[in-house]
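Chains, contacts and geometry: an overview
So the chains spell out like this:
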Amino acid sequence: MSHVGVGPRAVTRSVAFLTAGVLAVPALAGCSSEDPSGKPLADRDIASASRARISDGGTLRWAVDSVPDTLNTFQSDADATATRVAQAVLPSMYRMDETGRPVRNPDYLESAEVVETEPKQVVVYKLSQQAVWSDGREVGAADFAAQWRALSGKDSAYWTARNAGYDRIEKVQRGAGDLEVKVTFSRPYADWKSLFTPLYPKDVMGTPDAFNDGARRKLKVTAGPFAVKEVDTEDDEVVLTGNPRWWGEPAKLDKLVLRAVPRDERVSELVAGKLDLAEIDPDTAEQAGLAAAPRDAATGTPLTGPDGTPAAGSGGSPHPGPQGRSAAQALRSWAVANGSDEEAAEEEILAREERRDARAKLERRQRSLSGFEVRKSLEPAYTQLALNGADGPLADERVRRAVARALDREKLAKAVLGPLGLPAEPVGSHLALSGQAAYADGSGALGDQNAKEARALLADAGWVPGGPVKESEDGEKAAGAKGEKDEDGKDEKKSEGGDDGTYIVGEDDQNTGDQNTDDKNTDDKNTDDKEKGEKEEGADSSGKNTAQGGAPGAYAPKGTAAPAGSATGPLAKDGKALILRFVLPSGPGSEALRTVADRISDMLEKIGIGTDITKVPDESYFKDHVASGEYDLALYSWPASAFPATDARPIYAKPVPAADGSLNVAQNYTRVGTDQVDQLFDQAMATLDQKEARNLLRKADSRIWAAAGSIPLYQRPQLVAARKNLANVGAFGFQTPVYEDMGFLKKGAHGSRPSATPSS
């Protein structure tokens with residue numbers, strides 16, 4: 001929905017211009033002696049346990065989003081479930097460790113190294129002597145050669161979705177023996193470790209027919225700890241069973257069942273005992289009573305208040321009193337039920353019975369969930385604000401930069417991650433996440449949040465306050481600061497937590513009690529910015545003080561004017577107000593995106609930019625709006641990659657004209673790109689010196705920041721409901737799962753979980 005993998009190709013564009021004075025790229029941290037890559041912000045949370053503490057046997061029922069249309073991950077309709085199946089049943093030369101870096105998989109690969117660079121790059125793979133396919137044949141050079149030919153892009157009969165890297169191979173040969181593979185490249189390729197993972201047997205890759213149709217619903221030949229027993233489209237599940245020819249540590253589980261269950265139905269399936277493991281959304285975790293609350297660092301248990309309810313500010317749903325009602329409400333209910341007004345008493349007695357029934361149902365639900373816990377980490381993906389530079393106001397780089405400079409990314413990260421007890425750090429790179437080798441915070445190329453400079457950029461672009469505004473076709477003046485409607489153009493109530501038009505006395509921007517409410521640049525912490533500036537720390541998008549211990553102000557009637565200077569009026573240019581179309585998905589699970597969008601709209605309003613929020617069905621959000629360019633602002637996510645030179649280039653490459661006169665944007669749905677960024681990607685991809693390649697990628701990232709087409713916000717939360725006796729599975733973070741080690745703990749055994757890292 002909002003997490004993008006390989007998307008459709010769109011065809012709209014514009015040429016974004018850069019002025020020499022604006023594109024100021026700071027010196028890269030990567031050039032200093034200190035490693036800027038840092039470490040992952042959150043540990044994996046999988047209840048780690050040694051194999052000796054895990055029982056043999058059992059079936060793990062794991063919720064997934066869909067049953068895959070194909071088991072060939074190199075086809076365009078492959079999905080995340082297809083990737084999960086491939087990880088469990090096929091060879092991988094490299095897999096990701098806890099820091100998101102590729103590490104050799106010793107079950108398949110004894111060694112792999114670049115043995116020549118001149119005149120051409122040559123890599124020699126030495127395969128494990130034990131590695132065999134399920135039909136008894138050795139994994140060898142014939143499989144490597146078949147996969148290269150299928151994915152090289154030279155034969156259009158193969159319906160491939162991608163050929164990056166394989167198109168740089170000149171030949172694949174048998175080496176000194178059957179278990180040695182020699183790969184010669186026509187052009188240097190830094191990301192050679194990304195190749196041949198997963199590796200399919202030559203039976204699948206050998207002919208176009210086998211590639212296109214032979215691995216859609218079945219994989220007859222595999223070479224992992226599990227094998228595909230069945231893809232059941234009627235019961236919406238994929239069944240994996242142990243591979244008897246597996247030479248590594250035997251799988252602890254007898255069976256792994258991947259069941260397609262919609263996210264809004266997963267808690268019910270957990271309650272019914274039909275699932276053991278399910279990734280869930282934050283709202284679902286709260287409904288389940290499983291706790292988005294942070295864990296105590298000493299005990300690992302959720303932080304709670306004195307009555308056993310989630311602690312204030314922890315993200316849980318406190319239910320004061322034994323009936324989930326306040327003492328005053330309970331007293332009033334008793335008084336009405338026992339009062340002289342017989343009609344009111346009868347209604348209240350019925351209402352009390354309904355509440356008792358609902359409470360009993362909730363208690364039964366929570367008892368059913370008592371054997372589960374939520375395992376938490378950060379997903380290897382980040383949410384960004386995309387700015388469409390194809391046309392309209394955002395075609396002007398100054399306006400894009402103004403939007404970016406208006407955002408308090410720390411507050412946005414805290415809004416999403418803080419209630420979950422996860423580290424709330426803004427993402428500093430488009431190309432990697434903290435802990436990965438290529439990571440460095442390049443946001444300095446754009447500059448910190450600064451409302452004053454944002455307004456100056458808008459003024460320089462010709463957008464001024466109080467300008468004349470022409471009426472739109474429907475007769476209304478297009479000068480509103482913020483509107484919200486569905487796809488059909490009907491106005492909607494603002495999403496929960498939004499501004500209801502009430503001004504709260506005592507909570508205006510003149511309050512200086514919080515030292516962190518204005519721009520981060522201390523030189524700009526002046527009276528002018530405070531007058532027009534930022535909301536109090538701990539305030540929600542309506543401006544109401546929700547920080548723990550904060551006292552709410554007195555409520556003024558709707559329509560009461562705020563103190564002078566507390567807001568900036570809408571800007572206009574050439575008779576048109578500066579209002580941006582903000583498109584969002586409307587389905588369940590998108591609440592966090594809608595909350596973030598409301599807060600972004602509030603931040604933009606302060607510099608005079610209005611937003612027109614439109615909520616659209618999930619199924620049309622990406623295809624009909626983001627990919628087709630029908631938006632100004634949008635929120636969606638990109639997965640992190642250990643090979644950004646290869647995988648990130650299509651996302652940020654400058655759009656190019658197609659043969660039919662349209663524009664090929666690849667995956668660059670912001671339509672913002674530069675020749676210089678493309679050149680840096682190409683240089684990084686062709687550089688075998690890893691340190692030099694990292695520096696080139698960091699330079700590219702700085703220039704992507706400066707162009708302001710995409711603003712990374714925060715790393716996505718990863719919440720997984722798991723049975724408490726499940727080990728080595730849960731919120732994996734960066735790490736590739738080790739499927740043979742998953743299983744149920746022996747009686748009395750416990751898995752190891754990380755203590756919570758407090759969000760900053």
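Predicted model, so just to flag it, every value in this text is computed and none were measured.

Parameters and conventions
- Residues numbered from 1 in each chain as written.
- Predicted model: local features only at pLDDT ≥ 70, side-chain atom pairs only at ≥ 80, totals over all residues.
- Heavy atoms only, no water.
- Helix = DSSP H or I, 4+ residues; strand = E, 2+ residues; numbered from the N terminus.
- Buried < 20%, exposed > 50% of the residue type's maximum accessible area, 1.4 Å probe, protein only.
- Contact = heavy atoms within 4.5 Å.
- Areas by Shrake-Rupley, 256 points an atom, 1.4 Å probe, with all protein chains shown as cover.
- 1 Å grid on protein atoms, 1.4 Å probe; cavity = no way out; pocket = protein on both sides within 12 Å on 5 of 7 lines; lining within 4 Å.
- Points joined across faces, edges and corners; volume = space filled by probe spheres on them.
- Phe/Tyr/Trp six-rings, centres within 6.5 Å; stacked < 30°, edge-to-face > 60°.
- Pairing = 2+ DSSP bridges.
- Axes fitted to C-alpha atoms, helices over the stretch in contact; angles between N-to-C directions.
- Patch = residues over 30% accessible without salt bridge, like charges linked within 9 Å, V, L, I, M, F, W, Y side chains within 5 Å.
- Salt bridge = Lys/Arg side-chain N within 4 Å of Asp/Glu carboxyl O.
- Lys, Arg positive; Asp, Glu negative; His and termini not counted.
- Charge placed at Lys NZ, Arg CZ, Asp CG, Glu CD.
- Core = buried A, V, L, I, M, F, W, Y, C linked by side-chain atoms within 4.5 Å.
- pLDDT = per-residue confidence, 0-100.
- Right-handed = clockwise from strand over helix to strand, strands pointing away.
- Arc of directions from axis to C-beta.

Looking at the overall build of the protein chain
Assigned secondary structure in the protein chain consists of 18 helices and 26 strands. Here the protein chain holds 760 residues, and 50% of them are scored as buried. Long-range pairs, those at least 24 residues apart, make up 73% of the contacts in the protein chain with a sequence separation of at least 6. About 33400 Å² of surface is accessible on the protein chain, with carbon and sulfur atoms providing 48% of the total.

Thoughts on empty space enclosed by the protein
Taken as a whole and assessed by the stated rule, the structure comprises 2 cavities of 30 Å³ or more. When its volume is computed, the largest cavity comes out at roughly 130 Å³. Forming the boundary of the largest cavity are 18 residues, of which Y652, N668, T670, V672 and I704 lie nearest the centre. Where the lining of the largest cavity is concerned, the elements lending two or more residues are strand 21 (633–639), helix 16 (649–652) and helix 18 (690–707).

Regarding the packing of aromatic side chains
Taken as a whole and judged by the stated rule, the model has 18 aromatic pairs. Measuring from centroid to centroid gives 6.2 Å for Y125 and W192, while their planes differ by 80°, and the two rings are edge-to-face. Here W192 lies in the loop between strand 7 (180–185) and helix 3 (202–205) and Y125 lies in strand 5 (residues 122–127), a separation of 67 residues in the sequence. By the burial criterion, Y125 is buried, and W192 matches it. Aromatic pair Y166 and F196: ring centres 5.4 Å apart, planes at 90°, arrangement edge-to-face. Here the residue Y166 occupies a position in the loop between helix 2 (141–151) and strand 6 (169–174), and F196 occupies one in the loop between strand 7 and helix 3, the gap between them amounting to 30 residues. Summarising the burial analysis for this pair, Y166 and F196 share the class buried. Put simply, the rings of F74, Y94, Y125, F144, Y166, W192, F196 and Y200 pair up and form one aromatic cluster.

Quick notes on the sheet that holds strand 6
The strand order across the open sheet built from 4 strands is 4-5-7-6, with neighbouring strands paired in antiparallel fashion. A single partner strand is all that each edge strand has here, and the edge strands are strand 4 (109–116) and strand 6. This sheet shows a mean twist of 15° between the axes of neighbouring strands, independent of strand direction. Pairing of strand 6 with strand 7, which is carried by 5 bridges, proceeds in the antiparallel orientation. The partner of K171 across the bridge, within strand 7, is T184.

Describing a negative patch on the surface
Together, D341, E342, E343, E346 and E347 make up a region of like negative charge exposed at the surface. You can see E343 is positioned in helix 8 (residues 342–368). The class of E343 is exposed, set by a relative accessible area of 57%.

Considering the environment of F734
Secondary-structure assignment places F734 in the loop between strand 25 (726–727) and strand 26 (743–744). Sequence separation of F734 and L378 is 356 residues, and the distance between their C-alpha atoms is 8.3 Å. Filtering out sequence-adjacent residues up to four positions away, F734 remains in contact with P40, M96, D97, E98, T99, G100, P380, L433, S434, Q436, A640 and Q715.

Some points on the nonpolar core
Judged by nonpolar contacts, the single largest core of 108 residues is most densely connected at W62, Y125 and F196. If one sorts the elements of this core by residue count, helix 2 sits on top with 7 residues. Not counting residues within four places of it along the chain, the set of residues in contact with Y125 comprises L109, S111, A112, F144, L179, E180, V181, V183, W192 and F196. With 61 residues, the next largest nonpolar core counts A63, L369, V374 and A721 among its residues.

As for the sheet that holds strand 13 (residues 464–465)
The 3 strands are arranged 13-17-18 in an open sheet whose pairing can be described as antiparallel. With one partner strand each, in any of the chains shown, strand 13 and strand 18 (576–577) form the two edges of the open sheet. Pairing of strand 17 (residues 571–573) with strand 18 involves 2 bridges; the strand directions are antiparallel. Directly across from K573, in strand 18, lies its bridge partner K576.

Some points on the pattern of salt bridges
Enumeration over the complete set of coordinates arrives at 29 salt bridges. Its salt-bridge partner being K252, residue D56 comes within 3.0 Å of it at the nearest N-O pair. Here the residue D56 occupies a position in the segment before strand 1 (59–64), and K252 occupies one in the loop between strand 9 (237–242) and strand 10 (255–260), the gap between them amounting to 196 residues. Owing to a relative accessible area of 65%, D56 belongs among the exposed residues under this scheme. Residue classification places K252 among the buried positions, given a relative accessible area of 10%. The residue E591 makes a salt bridge to R594 at a minimum N-O spacing of 3.9 Å. Of this pair, E591 and R594 both sit in helix 13 (residues 591–605), 3 residues apart, which is roughly one turn of the helix. Under the relative-accessibility criterion, E591 is labelled partly exposed at 30%. Taken together, the shared-partner salt bridges connect D45, E373, R375 and R753 into one network.

A few points about the confidence of the model for the protein chain
Counting all residues, the mean pLDDT for the protein chain is 81, and 76% of those residues have values of 70 or more. Taken as a whole, residues 474–480 scores under 50 in pLDDT and shows 12 contacts with residues more than four places along the chain or in a different chain.

Focus: the pairing of strand 20 (residues 610–616)
In terms of burial, strand 20 is largely enclosed, as 6 of its 7 residues are buried. Pairing between strand 19 (residues 579–585) and strand 20: 7 bridges, direction parallel. Residue pairing for strand 20: L584 is matched across the bridge by K615. The handedness of the strand 19 to strand 20 crossover, carried by helix 13, is right-handed.

A short note on helix 17 (residues 675–685)
Buried residues of helix 17: V677, D678, L680, F681, A684 and M685, and no others. For helix 17, the arc enclosing every buried residue in end-on projection is 160°, short of the 170-degree limit, so these residues lie on one face. On its buried face, helix 17 sits against helix 15 (644–647), helix 16 and helix 18.

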